[in-house]
Amino acid sequence: MSESTTEDTSDLFAVRKTKLDALREQGQNPFADNCDQSHTSVQAKALLPEEEEEGPEVCVAGRIVTFRLMGKATFLKLLDRDGQIQAYVRRDAIGEDEYAAFKKLDLGDFIGVRGKLFRTRTGEITVRAEEYTLVSKSLRPLPEKWHGLTDNEQIYRQRYLDLVVNEESRDRFKARSAIIREIREFLWEREFLEVETPMLQSVSGGAAARPFETHFNALSCDFNLRIALELHLKRMLVGGFDRVFEIGRVFRNEGLSRRHNPEFTMLEAYQAYSDYRGMMELTRSLIQRVAEKAIGTLTIERPEGDVIELGGDWREAKYKDLIVEATGRDDWFDLPVAAKLECSKELKIEVDPDLEDYEITNDVFEKIIEHTLVQPTFVTHIPRELCPLAKITQDDPTTIDVFELCINGQEIAPAYSEQNDPFIQREAFERQVGEETQALDEDFLLALEHGMPPAGGMGLGIDRLVIFLTKAANIRDTILFPTLRPA
RNA sequence: GGGUCGGUAGCUCAAUCGGUAGAGCAGUGGCCUUUUAAGCCAUUGGUUCCGGGUUCGAGUCCCGGCCGGCCUACCA
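Now for a quick tour of the structure.

Basis of the calculations
Here the residue numbers are simple positions, counted from 1 along each chain's written sequence. Key to labels: chains lettered from A, ligands numbered from 1, both in the order written. Whole-chain, interface and lining totals are the exception, using all residues; otherwise, since this is a predicted model, local features are given only for residues with pLDDT of at least 70 and side-chain atom pairs are given and counted only at 80 or more. With hydrogens and water stripped out, all remaining heavy atoms of the structure feed into the side-chain values. Runs of E in the DSSP output that reach at least two residues are strands. Runs of H or I that reach at least four are helices, and both are numbered from the N terminus. Each helix should span, by expectation, one fewer than its residue count multiplied by 1.5 Å. Counting of polar contacts relies on pairs of N or O atoms within 3.5 Å, with two restrictions inside protein: one atom must be capable of donating a hydrogen and the other of accepting it, and residues adjacent in sequence are counted only when both atoms are side-chain atoms. In this description, a nonpolar core means a group of buried Ala, Val, Leu, Ile, Met, Phe, Trp, Tyr and Cys residues linked to one another through side-chain atoms lying within 4.5 Å. Each residue is placed in one exposure class: buried if its accessible area under a 1.4 Å probe, protein chains only, is under 20% of its type's maximum, exposed if it is over 50%, and partly exposed if it falls in between. At least two DSSP bridges between two strands are required for those strands to pair. Lines fitted to C-alpha atoms define the axes, with helix axes restricted to the stretch in contact, and inter-axis angles between N-to-C directions lie between 0 and 180 degrees. We define proximity as follows: a residue is near a molecule or strand when any one of its heavy atoms falls within 4 Å of that partner.

This brings us to helix 9 (residues 276-295). Look at helix 9: 27 Å from first C-alpha to last across 20 residues, which is about the 28 Å you get at 1.5 Å a residue. Capping the start of helix 9 is the job of one residue whose side-chain oxygen sits 3.0 Å from the backbone nitrogen of Arg-277: Asp-275. Of the residues one or two after helix 9, Gly-296 is the one with positive phi, at around 95°.

Below is the structure:
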């Protein structure tokens, strides 16, 4: 070990590496096999009742996140999966040589501490160390302890550091896991079968989005990553699995934004002998259940200061009524394209003169209505051009039997009475293929020709659900490793 | 893709009109046996994102580039 005082102590890696080498020279293993953790921080703290002064012996383990050395005694805090617990290490309790080595520990090191629980002068439950074990030396410094990590890029690229120092972020990802777990529980209880369908597809359908393209060497052909789950799950309905769902990643080769990540997590659920009205009940019950069980409340405060009230029944509004209200024009749907464009301009919507009639109307919806729908709202009776996969409304053939659920000013979940007439379906596809650059999924149509029971289908953007349930500012804060330009 | 704001020590941030690049935390050495952002003394640490230019002198001004945030565009 070098005792040189001319060493550059600003190279934090070198300083820690020197400490590590010194331990090895003394015959110690800085990555010891184990330390026999007996309790997590929370479990250990539960073992010392209010009235007791001293508790049982425990062994806690975790990363050192604070280290207050006061001569011959030290307070430190360990971070484990449940939170933090303090340990109190005295020289005369662990021995002089041990304490000399202990003082060389760094913030970030993983150690195990064995000892009895007690309460400090200020009342904090603490482990009085009788022994400690270094189980992993950390060679890199942790981010600064007051401010944590604030650089967004580093938060995303080195998420592990964000998780070590930002409790809010830890809690959000725990909540995300709890939300997905609760979604599964809910659907299992309703006798839905969870299935997995291909991510690699030769034709990506079920949505109008540009796919990511890739190449499969063995078959020497091109594949796309899926953009939706829909068409394969409906094949399950044809096959007789009449309640199915899948939670999985879909990929859309489109821009990044506060609400868009190119890979994101979708839930899609299909229930035979139901329809979009049935999916309304399902979706509302699902979100209410998830909010209650995973978040603990039906009232979600927003950073904007208001609250989202998820309890009770939710508002239903017809697409046309919302458009008429927003434009102030009773005759909106009878206006020619030119007049609609003119009105759009007056509403300060950027207009593209090449848009189809229904696209102009949808711009009005997306640009001036959607963000106002903060309270849960089922938007129904949507123009048929917008959804080629749904059934046409009996008493209004210009609309289809769907809803688009908006919460927090965002589309969260669409649901359809699924189209099961193979002739109408083919026609709708062909119309769409004409407009968009999308191939026709002949195999799906073949499946439909074998007969698909009437069904309700629903898709839920898990990331967007997590955004508002965990008060995240950004979709990237809800995804552990959001898509970034390669470093 | 467009607009806009930013990039200074390991981390969080200062630096006045263009005039010797600083602080806190972390690190290093010392004191300290119930601390809570522990405290006290001393101290190390800089390609100011990169490349040009203007100037006696550039972190600061100008041009170009790279990277990022936000807004926007694309988006069943």
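This is not the end of the story, as more comes after the structure.
Attention shifts here to the environment of His-260. Relative to the helices and strands, His-260 is located in the loop between strand 10 (243-251) and strand 11 (263-272). Only 3.5 Å separates the side chain of His-260 from the side chain of Arg-464, close enough to count as a polar contact.

To continue, consider the nonpolar core. Residues Phe-365 and Val-379 are the most contacted members of the largest nonpolar core, which totals 40 residues. Counting residues per element, this core draws most heavily on helix 12 (residues 357-369), at four residues. Formed by 37 residues, the second largest nonpolar core is a distinct cluster that contains Tyr-276, Leu-310, Ile-407 and Ile-412.

Here we come to helix 15 (residues 462-469). An α-helix turns once per 3.6 residues; consequently, residues spaced three or four apart project the same way. In terms of residue burial, helix 15 counts as a mostly covered element, since eight of its eight residues are buried. Here helix 15 has its buried residues at Ile-462, Asp-463, Arg-464, Leu-465, Val-466, Ile-467, Phe-468 and Leu-469. Where helix 15 terminates, the next one or two residues include Lys-471, which has phi positive at roughly 55°.

Attention now goes to the sheet that holds strand 5 (residues 125-136). Sheets are built from strands paired through backbone hydrogen bonds, the pairs being either parallel or antiparallel. An order of 1-2-3-5-4 is seen for the five strands of this closed barrel, with the pairing classed as mixed. Going from strand to strand, the sheet's axes swing by 50° on average, the running direction of each strand aside. Relative to strand 5, strand 3 (residues 83-90) runs parallel, the two sharing three bridges. In the strand pairing of strand 5, Gln-86 is matched with Thr-126.

What follows covers the protein's contact with RNA strand B. Near RNA strand B there are 51 residues, and of these Arg-68, Thr-122, Trp-146, Gln-432 and Arg-476 occur at the shortest range. Counting only atoms of RNA strand B within 4 Å of the protein, the fraction found in sugar and phosphate groups is 55%. In the environment of RNA strand B, a base nitrogen lies 3.0 Å from a nitrogen or oxygen atom belonging to the backbone of Gly-71. Between a sugar or linking oxygen of RNA strand B and a side-chain N or O atom of His-147, the distance comes to 3.3 Å. Contributing elements (two or more residues each) for the surface near RNA strand B: helix 1 (12-25), strand 1 (54-70), strand 2 (73-80), strand 3 and helix 5 (152-157).

What follows is about the sheet that holds strand 7 (residues 200-201). Read from one edge to the other, the open sheet built from three strands follows the order 7-9-8, with strand pairing classed as antiparallel. Here the strands that pair on one side only, and so sit at the sheet edges, are strand 7 and strand 8 (213-216). As paired elements, strand 7 and strand 9 (residues 221-225) share two bridges and run antiparallel to each other. Each residue of the ladder has a partner; that of Gln-201, found in strand 9, is Asn-224.

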